[in-house]
Amino acid sequence: MYWQKRLLFSIAILTFILVFFSCSDKNFPRLQLENKLSIARTDEPIILKRSFVNKILNSEESKGAITVTTSSGKTLISQLDDLNSDGEWDELVFQYSFEPNETIIIKLDTVNKSQNLQKITPRAHAYLGYRPTREGDFESINQNIRPKDHEPQSWPYLYQFEGPGWESDLIAYRIYFDKRNGKDIFGKTKKGVFLDSIGLGENYHKLQSWGMDVLKVGSSLGAGSLAMLKNDSLYRLGQTTSSKYQKISDGPVRAIIKLNYDGWKVNDVNYNVDETITIWGGKRWYHNQITMNSSVSDTLVTGIVNMFDITAVKKPSITSYSLLSNHGIQSENKDVLGMAILAPKEQFAGFGSAPSEGKGITQTDYIAMHSKLGTYQFYFYTGWELDDPKFADENYFLESLENEAIKLANPIQITLE
């Protein structure tokens, strides 16, 4: 009888503990994140708006930092981003690697900013190195208005590697902050963020310990630069009345920069353009959100350099996206480089190619876009064989692009428990 009473007592205690913690657990904000696809999603970006987070935390204002924890007790690296520079954060972002058809539960909690949070290795970074006197060391700056008299490749350099850069731990991109306005690619042979040190006493057109500049841009649109198509002619977004740079977010999860151009004159029409460029840790693509004072009759263009007569792949429809890509031996290292643009199918207005020579934009395959509201977007994707040998296979590259299109069209489902 004694052992039976002890057993019943132990069961009662265990039941109480389970009920207590089950009830207590309900006091924690819980979110269900569901991957409804039968494919894995490595480093999948998750974005939670401030209003939604405040609702979850049952608070009008979320103060301090916010921790994101899985039901298994793992704390995910996250960040709070102020997108409109008003001093208040707008989005909570983090990443998680989902197995096919996996569902997870996460919890949110607030912590005081003064608490010693875990040391974080950044996987995304934005950088502009600047020296106004063109002498001495470059300094990292968060915003800049390009001097009106700034000329391309004027020496000594005003900007480190000629303009702003943005990178994940797998790839880096830059833009020439001058009237060429070309976008370029830094391929990486090892993981990490390196922009701060690129172009300081090294020739990044040759293979370095971290990688190299893999793209020859010339007079093309390079790696996703912008142009306008009017009357069968291409007009580069280049010389403008004003050109501004602003760093919006600087990792560790994602990095965001904004480029503003006022007074882009095309056939006696002035356009004002904003590019908001985002890159995430673990991703080989950047996302470009463009807003401008355009009309439905205007055709915005972005493109990919093609200097080696590579036949481009053009697919008007992959799920919700249109695809333009090329793949072949075309890197500055004379090895295989694949580049691609994924643009929403709803804004697709056709494919085209620039002349192989002459004035203006040349050696470019492009995708044309229309917009009813003056907003456009696209993803630019890169695969280099020294980053991952599998990218030497064009079929692997195309399969990667199709998987990206499927994932973008089917975001992770988020529900509040």
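Treat the numbers as computed from the prediction; the structure is a model and nothing was measured.

## Points about the overall build of the chain
Scanning the chain from terminus to terminus reveals three helices and 29 strands. Residues classed as buried in the chain amount to 51% of the 417 residues present. Working note: accessible area of the chain is about 20000 Å², and carbon and sulfur atoms make up 50% of it.

## Examining unusual backbone geometry
That bond from W155 to P156 is cis: its omega, 0°, falls within 30 degrees of zero. Looking along the chain, the bond that leaves G251 and enters P252 is cis, with omega of 15°. Note on placement: P252 falls in the loop between β18 (242-250) and β19 (254-266). Located in the positive-phi region is E162, a residue other than glycine, with phi close to 75°. On the secondary structure map, E162 appears in the loop between β11 (143-145) and β12 (165-168). Taking the relative accessible area as the measure of exposure, E162 reaches 8% and is therefore buried. Unusually for a residue other than glycine, N267 sits at a positive phi of about 50°. Within the secondary structure layout, N267 lies in the loop between β19 and β20 (269-280). On the accessibility criterion, N267 (39% relative accessible area) is partly exposed.

## Structural notes on the pattern of salt bridges
Taken as a whole, this structure holds 22 salt bridges when the rule is applied. Between R123 and D43 there is a salt bridge, with the nearest N and O atoms lying 3.0 Å from each other. Taken together, the residues span a long stretch of sequence, with R123 in the loop between β7 (103-111) and β8 (124-127) and D43 in strand β2 (residues 41-49) at a distance of 80 residues. We classify D43 as buried; its relative accessible area is 13%. As a salt-bridge pair, K407 and E404 come within 3.5 Å of each other at their nearest N and O atoms. On the criterion of helical spacing, the pair formed by K407 and E404 is a turn pair, its members being three residues apart in helix α3 (residues 394-409). The burial state of K407 is the same as that of E404; both residues are buried.

## Focus: α3
Over its 16 residues, α3 runs 23 Å from end to end, which matches the ideal 22 Å to within 8%, given 1.5 Å per residue. Regarding α3, the residues found buried are F397, L398, S400, L401, E404, A405 and K407. At its buried positions, α3 is contacted by β2, β21 (285-292), β23 (313-318), β24 (321-329), β25 (336-344) and β28 (375-384). Between the side-chain oxygen of the N-cap and the backbone nitrogen of N395 there are 2.9 Å, and the N-cap of α3 in question is D393.

## Points about the packing of aromatic side chains
Applying the stated criterion across every chain, the model contains 21 aromatic pairs. With centroids separated by 5.7 Å and ring planes inclined at 85°, the aromatic side chains of F186 and W210 adopt a geometry described as edge-to-face. Note that F186 is positioned in strand β14 (residues 183-188) and W210 in the loop between β14 and β15 (211-213), a separation of 24 residues in sequence. Overall, the relative accessible area of 5% leaves W210 in the buried class. Ring-pair connections join several aromatic residues into one group, and the members of that group are Y127, F161, F186, Y204 and W210. Its end group placed over the ring of F177, R146 keeps NZ or CZ at 5.4 Å from the ring centre. The ring of Y176 carries the charged tip of R180 above its face, separated from the ring centre by 4.2 Å.

## Here we look at the confidence of the model for the chain
On average, the chain scores 91 in pLDDT, and the residues at 70 or more come to 90%. Segment residues 1-26 is flagged for pLDDT under 50; beyond a separation of four residues in sequence, or across chains, it makes two contacts in the model.

## With respect to the sheet that holds strand β5 (residues 78-81)
One open sheet accounts for three strands, arranged β2-β6-β5; its pairing is antiparallel. The open sheet has two edge strands with one neighbour each: β2 and β5. Adjacent strand axes in the sheet meet at a mean angle of 25°, parallel and antiparallel pairs treated alike. Across four bridges, the pairing between β5 and strand β6 (residues 91-98) is antiparallel. Pairing of Q79 across the sheet is with V93, part of β6.

Parameters at a glance
- Residues numbered from 1 in each chain as written.
- Predicted model: local features only at pLDDT ≥ 70, side-chain atom pairs only at ≥ 80, totals over all residues.
- Heavy atoms only, no water.
- Helix = DSSP H or I, 4+ residues; strand = E, 2+ residues; numbered from the N terminus.
- Buried < 20%, exposed > 50% of the residue type's maximum accessible area, 1.4 Å probe, protein only.
- Areas by Shrake-Rupley, 256 points an atom, 1.4 Å probe, with all protein chains shown as cover.
- Salt bridge = Lys/Arg side-chain N within 4 Å of Asp/Glu carboxyl O.
- Expected span 1.5 Å × (residues − 1).
- Contact = heavy atoms within 4.5 Å.
- Polar contact = N/O pair within 3.5 Å; in protein donor to acceptor, adjacent residues only side chain to side chain.
- Phe/Tyr/Trp six-rings, centres within 6.5 Å; stacked < 30°, edge-to-face > 60°.
- Lys NZ or Arg CZ within 6 Å of the ring centre and 35° of its normal.
- pLDDT = per-residue confidence, 0-100.
- Pairing = 2+ DSSP bridges.
- Axes fitted to C-alpha atoms, helices over the stretch in contact; angles between N-to-C directions.

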